Amino acid sequence: MTAKKSSHRPNESVYQRLGLRTIVNASGPSTRLTGGIMRPEVAEAMAEASQWCVDLAELQGRASEILAEATGAEAAYVTAGASAALMLASAACLAGLDPAKMNRLPDTTGMANEVVMARSHRNMYDHAVAQAGARLIEVGIPDRFSGAGVRDAQVWEYDAAITDKTAAILWVAQAHSEPTLPEIVAVAKRRGVPVIVDAAGQLPPAENLKKFVAQGADLVAFSGGKAIGGPQASGILAGRRDLIQSAALQQLDHDTYFEQWSPPASLFDKSKLVGFPASGIGRASKCGKEEIVGLLTALKFFLEENTEERHRRLLALCQEVANGLKGLKGATVNLVDKKYKGAPAVELIVDEDALGFSARDLVKRLQDGNPSVHANHARVRDGMVVFGPTCMKPGDPAIVVERVRAELKAK
Ligand SMILES: *Cc1c(COP(=O)(O)O)cnc(C)c1O
């Protein structure tokens, strides 16, 4: 591209031109903090993608081939995030390949519209599954979390909740999730119900791209904007060919004649379809060519990056933070490894009595200060502020150290 004549200084960022500050993201790739930092190669691929038009279904068809290989699934689809993937997964299980049902969603009157899930798996992202028109049916009393007992949902409780109204089972992947996915798949297969897996944050390790499909999940959702390092608004839905086909039908733009439509064979079997919906429920979570190309490019780097190299790079950032925070009065610093999603991190234990403010207060002070530093607040209940390296740039550790030291001195 040719250099533009501009009214701004060359090293001003687009955010400065908008009159906005940037932040130091010492937390992680949260949506609230605009995800992570993309590799320049990924940003360049997105800019390049923006300079041509292609047939969107053909682009998704090629993405399906690439993602099917990466996940071991029959087919896959690039979505506008894991949440969008869950909504499309739900829509696919509700409507199948029936265009009349697709056109009715989220109205599911008279359809099998129940999605069974463990009460302990409930979270704010399951909104996406309900959004397509499903009703969530909770099973199990997870008293292991309330401290009153030892149990979580049992396989027989799922079995008892499955009826002819059941459209799917939703299983949320976490290290502590019970029952296990193979146990759920066994009952689901016996009862002929598909299993949707929310694996949004289960990368790394890269092996997890294949794990849930290999364990028998029918549809699996991943975030593209978390560890993969793709665009913030990208995700992957991988799974059974017929269900991916339904998801794609409910998301793509079909303002054309059915007879005129020549879809890519990697994604669609036109001979199995009687028609397509006008504009499906997925239209509200559109995924553009830039996101699709960005996600595919980021995934390539994610799969190629040497795990040890990545670990060394992240550890060096943490060491810089930890060394800078040694010897503080009122706070103790620990460099920990493999504790937070397999990555290194820095824990700062805040002595509230000595400082007169809590770990949560410190998080807020850092965030409200200048430059604004966002730490991970997941452990503030334990009196701890955590600094994670995955979204830090070189130079950020020094800013973190300076800001923490200033806050502790200014107490
Ligand atoms: C992050 C996350 C999501 C949402 O993913 P997006 O890609 O931001 O849409 C859904 N479920 C879980 C468990 C997550 O951690």
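Just above, that's the structure.
Residues numbered from 1 in each chain as written. Predicted model: local features only at pLDDT ≥ 70, side-chain atom pairs only at ≥ 80, totals over all residues. Heavy atoms only, no water.

Peer 1: Please give an account of the packing of aromatic side chains that cites residues and values.
Peer 2: The tally for this structure, following the rule as stated, stands at five aromatic pairs. Centre to centre, the rings of Trp261 and Phe268 are 5.0 Å apart; their planes meet at 65°, and the pair counts as edge-to-face. Judged by its relative accessible area of 11%, Trp261 falls in the buried class. Ring centres of Trp261 and Phe276 lie 4.9 Å apart, and the angle between their planes is 75°; on these two criteria the pair is classed as edge-to-face. In this pair, Trp261 sits in the loop between helix 11 (241-249) and helix 12 (289-304) while Phe276 sits in the loop between helix 11 and helix 12, placing the two residues 15 residues apart along the sequence. Across this residue pair, the class does not change: Trp261 and Phe276 are buried. Sitting over the face of the ring of Tyr125, Lys226 holds its NZ or CZ atom 5.8 Å from the ring centroid. (Phe/Tyr/Trp six-rings, centres within 6.5 Å; stacked < 30°, edge-to-face > 60°. Buried < 20%, exposed > 50% of the residue type's maximum accessible area, 1.4 Å probe, protein only. Helix = DSSP H or I, 4+ residues; strand = E, 2+ residues; numbered from the N terminus. Lys NZ or Arg CZ within 6 Å of the ring centre and 35° of its normal.)

Peer 1: How would you explain the nonpolar core if you had to name every residue and give the values?
Peer 2: Core analysis: the largest hydrophobic core is formed by 45 residues, its most contacted members being Ile169, Val197 and Phe212. Element by element, the count of residues in this core is highest for helix 12, at seven residues. Setting aside anything within four residues of it in sequence, one finds Phe212 in contact with Trp171, Ala173, Leu181, Val197, Ala199, Gln202, Ala217, Val220 and Phe222. Judged by nonpolar contacts, the second largest core, of 44 residues, contains Ala89, Leu94, Ala168 and Leu267. (Core = buried A, V, L, I, M, F, W, Y, C linked by side-chain atoms within 4.5 Å. Contact = heavy atoms within 4.5 Å.)

Peer 1: Outline the site of the ligand, supporting the account with residue identities and numerical values.
Peer 2: As a structural note, the neighbourhood of the ligand is formed by Thr31, Gly81, Ala82, Ser83, Tyr125, Asp198, Ala200, Ser223 and Lys226. In this structure, Ser83 approaches the ligand through a main-chain N or O atom, which is 2.9 Å from an oxygen atom. Within the side chain of Ser223, one N or O atom sits 2.6 Å away from an oxygen atom of the ligand. Calculation on the ligand without its partners gives an accessible area of 390 Å², and the protein chains cover 83% of this total. For the shell around the ligand, the per-class residue count stands at three nonpolar, four polar and two charged. (Near = heavy atom within 4 Å. Polar contact = N/O pair within 3.5 Å; in protein donor to acceptor, adjacent residues only side chain to side chain. Areas by Shrake-Rupley, 256 points an atom, 1.4 Å probe, with all protein chains shown as cover. Nonpolar A, V, L, I, M, F, W, Y, C, P; charged D, E, K, R; others polar.)

Peer 1: Account for the pattern of salt bridges, naming residues and giving values.
Peer 2: The tally for this structure, following the rule as stated, stands at 21 salt bridges. For Asp382, the salt bridge goes to Arg379, with nearest N and O atoms at 2.6 Å. On the accessibility criterion, Asp382 (47% relative accessible area) is partly exposed. The exposure class of Arg379 is partly exposed, given its relative accessible area of 23%. Arg403 is the salt-bridge partner of Glu407, the closest N and O atoms lying 3.0 Å from each other. (Salt bridge = Lys/Arg side-chain N within 4 Å of Asp/Glu carboxyl O.)

Peer 1: Let's hear about the environment of Leu203: which residues, and what values?
Peer 2: Here Leu203 is to be found in the loop between strand 6 (195-198) and helix 10 (208-214). Between the C-alpha atom of Leu203 and that of Phe302, which follows or precedes it by 99 residues, the distance is 9.9 Å. Excluding anything up to four places from it in sequence, Leu203 contacts Asn208, Leu209, Phe222, Ala227, Ile228 and Phe302.

Peer 1: Before we move on, could you go through the sheet that holds strand 10 (residues 343-350) and cite the residues and values that matter?
Peer 2: Taken in spatial order, the three strands of this open sheet run 9-10-12, and their pairing is antiparallel. The open sheet has two edge strands, strand 9 (331-340) and strand 12 (384-387), and neither has a second partner. Each neighbouring strand pair of the sheet contributes to a mean axis angle of 30°, computed without reference to strand direction. Those strands touched by helix 13 (residues 307-324) are strand 9, strand 10 and strand 12, and its axis lies near 20° from that of strand 10. (Pairing = 2+ DSSP bridges. Axes fitted to C-alpha atoms, helices over the stretch in contact; angles between N-to-C directions.)

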